[in-house]
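# Per-entry structural report
Chain residues, written in single-letter form:
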Amino acid sequence: MRTSPTSGSKLITVEILQGRSGRLKKEGLGAEFAAVVTDEQIEAETEYQIGALRHRERITINRYTGKIENFVVIGKGELVHHGVCKQLPGRMF
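Residues numbered from 1 in each chain as written. Predicted model: local features only at pLDDT ≥ 70, side-chain atom pairs only at ≥ 80, totals over all residues. Heavy atoms only, no water.

The next point concerns the pairing of strand β7 (residues 77–84). Where strand β6 (residues 67–74) meets β7, 8 bridges bridge the pair, whose relative direction is antiparallel. Bridge pairing links Glu69 to His82 in β7. (Pairing = 2+ DSSP bridges. Helix = DSSP H or I, 4+ residues; strand = E, 2+ residues; numbered from the N terminus.)

Bringing the pattern of salt bridges into the picture now. Any two side chains of opposite charge can pair, on the condition that their charged atoms come close. The full count for this structure, using the stated rule, is 6 salt bridges. Arg23 is paired through a salt bridge with Glu32; the nearest N and O atoms lie 3.8 Å apart. Given a relative accessible area of 40%, Glu32 falls into the partly exposed group. Notably, a salt bridge pairs Glu57 with Lys26, separated by 2.8 Å at the nearest N-O pair. In this pair, Glu57 is assigned in strand β5 (residues 53–62) and Lys26 in strand β2 (residues 21–26), connecting sequence segments 31 residues apart. Overall, the relative accessible area of 5% leaves Glu57 in the buried class. Each of Glu15, Arg23 and Glu32 takes part in salt bridges that share partners, so that together they form one network. (Salt bridge = Lys/Arg side-chain N within 4 Å of Asp/Glu carboxyl O. Buried < 20%, exposed > 50% of the residue type's maximum accessible area, 1.4 Å probe, protein only.)

This part is about the environment of Ile68. If you trace the backbone, Ile68 turns up in strand β6. Taking the relative accessible area as the measure of exposure, Ile68 reaches 13% and is therefore buried. Linking Ile68 and Gly83, residues 15 residues apart in sequence, is a C-alpha distance of 5.2 Å. With residues near it in sequence (within four places) discarded, Ile68 still touches Ile12, Ile59, Thr60, Ile61, His81, His82, Gly83, Val84 and Cys85. (Contact = heavy atoms within 4.5 Å.)

Written out as structure tokens, the structure is:
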């Protein structure tokens, strides 16, 4: 377990479908996330393969605070990125 700083930003687009379902797209990633959208949070998951390595990602966004966590599993390795979403005027996250 190691901790290291990460900087930068990614555009994350959420499309809310019927009921509590949705789709999420992350800038620079061709895979689409299947999302569950509630009043409190957006939780999305996807799986994809690059070369021989299987990737799994989960993104959780708190819709009140904008706190975001991106969990990435690459083969047997794991990464967790923490951050805060930039809020659009007049919108919940």
